[in-house]
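Geometric and topological summary
Read off the chains here:
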Amino acid sequence: MKRNIAILGSTGSIGTQALDVVREHPGQFEIYALTANNNIDLLIKQAREFQPEVVVIACEEKYNQLEDALHDLPVKVWAGSEAIAQVVESQPIDMVLTAMVGYSGLKPTINAIKAGKAIALANKETLVVAGELITGLAIENKVPVLPVDSEHSAIFQCLNGERSPIEKIILTASGGPFLNHSLKQLQKVTKKEALNHPNWDMGAKVTIDSASLMNKGLEMIEAKWLFDVSPDQIEVVVHPQSIIHSMVQFEDSSIIAQLGLPDMHLPIQYALGYPARLKSNFERLDFFKLKTMTFEKPDTERFRNLSFAFEAAKAKGNMPCIMNAANEIAVAAFLQDKIGFLEMSDVIEKTMQKTAFVQVPTYDDYVQTDIEARYIAQEFIK
Ligand code: MG
């Protein structure tokens, strides 16, 4: 039986690499739905190649253009964010890959879980914003949440078949392009430099987050929810070669690691094919070429975002949601040259101080918090 997949965010970095995996394994997967934010040209190309049942474009103004371009195919064309939240409920879908960017992933992920679909989770912001809600719903609906993030895929693989408790998660970080920059140098880095990641080929938002170490902060919160550990049980270790994708330490002192070359195709394929390991022609790791692996402590004086994430995780409630909203606004402002690299941290810090704290948020509280925190963050940027 082929696995029927919906890809949310099919034109992004994870989405296109997921379609590479599907293309390599025509006997395993069927594409039921593809959704994109506004890259209509690529969405049309993908729809022609994979012939899904439904395509959805979030940007409603592009509906007519998409309809026209696909009118000769038996593909349903929908538009708008509500349509994305709805399409995931379609009966034939087995698995939803959530590969859109940021907070927009929350609603469709909730709907997919309620509809009983397995989740291949690439949208880490969903768990950062509303981890308690999402993990609770997944348990209630007996839905697996399979991590696509390389670190979390590694941890998930380290835990395969394990029944013993986790003592500590060792979350590896490449350190990004500015690992050895001084504070003075960080003040002047450009978006072009920030977008040039040494190891991983990713979308703009996650690449900036990697450069500022916010990505590792978001991943720490993601790991806390996925693997049910406290923030104190997660240690971030900078490992610039990105060969060890993360590790788990057990109570007998044993550490299990997952290794591989830094290529997102691997964790994507593992999630889509789980529990099977599908054959691949990915390049193999050559230890004699690699020779050395190095490790160091992250510097939270230069990269303050990582400390904010630990603070937010410990504060609980809607604090991670506040931090995430402020970060999305700060990254967008940095990408538009409105603020400098270090100012992103100032915006996040001030927004976390100023936005109303809610200890036990409901879904509506998260929606409200996201709006309020974005507004406050914007005010600090003006
Ligand atoms: Mg990652």
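So, here is what we can say about the structure in this document. (Residues numbered from 1 in each chain as written. Predicted model: local features only at pLDDT ≥ 70, side-chain atom pairs only at ≥ 80, totals over all residues. Heavy atoms only, no water.)

1. Overview of the overall build of the protein chain
Tallying secondary structure elements over the protein chain gives 17 helices and 11 strands in all. Per-residue burial for the protein chain yields a buried fraction of 54% across its 382 residues. In the protein chain, once contacts between residues fewer than 6 apart in sequence are set aside, the share between residues at least 24 apart is 68%. Surface accessibility of the protein chain: about 17,200 Å² in total, with carbon and sulfur atoms responsible for 50%. Computing the positive centroid from 36 side-chain charges and the negative centroid from 48, the protein chain places the two 3 Å apart. (Helix = DSSP H or I, 4+ residues; strand = E, 2+ residues; numbered from the N terminus. Buried < 20%, exposed > 50% of the residue type's maximum accessible area, 1.4 Å probe, protein only. Contact = heavy atoms within 4.5 Å. Areas by Shrake-Rupley, 256 points an atom, 1.4 Å probe, with all protein chains shown as cover. Lys, Arg positive; Asp, Glu negative; His and termini not counted. Charge placed at Lys NZ, Arg CZ, Asp CG, Glu CD.)

2. Considering the coordination of the magnesium ion
For the magnesium ion, the full set of protein donor atoms is Asp149 (OD), Glu151 (OE) and Glu219 (OE), and the range of their distances to it is 2.0 to 2.2 Å. Taking relative accessible area as the criterion, aspartate 149 reaches 9% and is therefore assigned buried. Given a relative accessible area of 7%, glutamate 151 falls into the buried group. (Donors = N, O, S within 2.8 Å, 3.2 Å for Na, K, Ca; no water.)

3. Quick look at the side chain of serine 345
Along the polypeptide, serine 345 turns up in helix α16 (residues 343–354). The exposure class assigned to serine 345 is buried, which follows from its relative accessible area of 8%. Look past the residues within four positions of serine 345 in its chain and what remains in contact with it is Arg304, Asn305 and Phe308.

4. Description of the nonpolar core
One finds Leu66, Leu97, Val148, Leu272, Met323 and Phe341 to be the most contacted residues of the largest nonpolar core, which totals 92 residues. In terms of residue count, helix α15 (residues 319–335) provides more of this core than any other element does, 10 residues in total. When sequence neighbours within four positions are dropped, the list of residues in contact with leucine 97 reads Ala6, Ile7, Leu8, Ile14, Ala18, Ala120, Ala122 and Val148. If you look at the next biggest cluster of nonpolar residues, it comprises 31 residues, including Ala33, Val87, Leu106 and Ala130. (Core = buried A, V, L, I, M, F, W, Y, C linked by side-chain atoms within 4.5 Å.)

5. Quick look at the layout of surface pockets
Considered as a void within the structure, the second largest pocket measures approximately 420 Å³ in volume. In terms of lining, the second largest pocket is formed by 19 residues, of which the most central are Leu266, Ser280, Phe282, Glu283 and Arg284. Looking at the lining of the second largest pocket, the elements with two or more residues in it are β11 (255–259) and α12 (265–273). Per-element accounting of the lining of the second largest pocket gives the leading share, three residues, to α12. Residues of the lining of the second largest pocket, tallied by class, amount to nine nonpolar, five polar and five charged. (1 Å grid on protein atoms, 1.4 Å probe; cavity = no way out; pocket = protein on both sides within 12 Å on 5 of 7 lines; lining within 4 Å. Points joined across faces, edges and corners; volume = space filled by probe spheres on them. Nonpolar A, V, L, I, M, F, W, Y, C, P; charged D, E, K, R; others polar.)

6. Details of the environment of asparagine 38
Topologically, asparagine 38 is positioned in the loop between β2 (29–36) and α2 (40–50). The class for asparagine 38 is partly exposed, based on a relative accessible area of 38%. Considered as a pair, asparagine 38 and methionine 352 are 314 residues apart in the sequence and their alpha carbons are 31 Å apart. When neighbours within four sequence positions are excluded, asparagine 38 is seen to be in contact with Ile57, Cys59 and Lys62.

7. Some remarks on the environment of methionine 202
Along the chain, methionine 202 falls in the loop between α9 (191–194) and α10 (204–211). Sequence separation of methionine 202 and glycine 9 is 193 residues, and the distance between their C-alpha atoms is 13 Å. In this structure, methionine 202 is in contact with Ser13, His197, Thr207 and Ser210, ignoring residues within four places of it in sequence.

It is worth stressing that arrangement in space is one thing and function is another; only the former is reported here.
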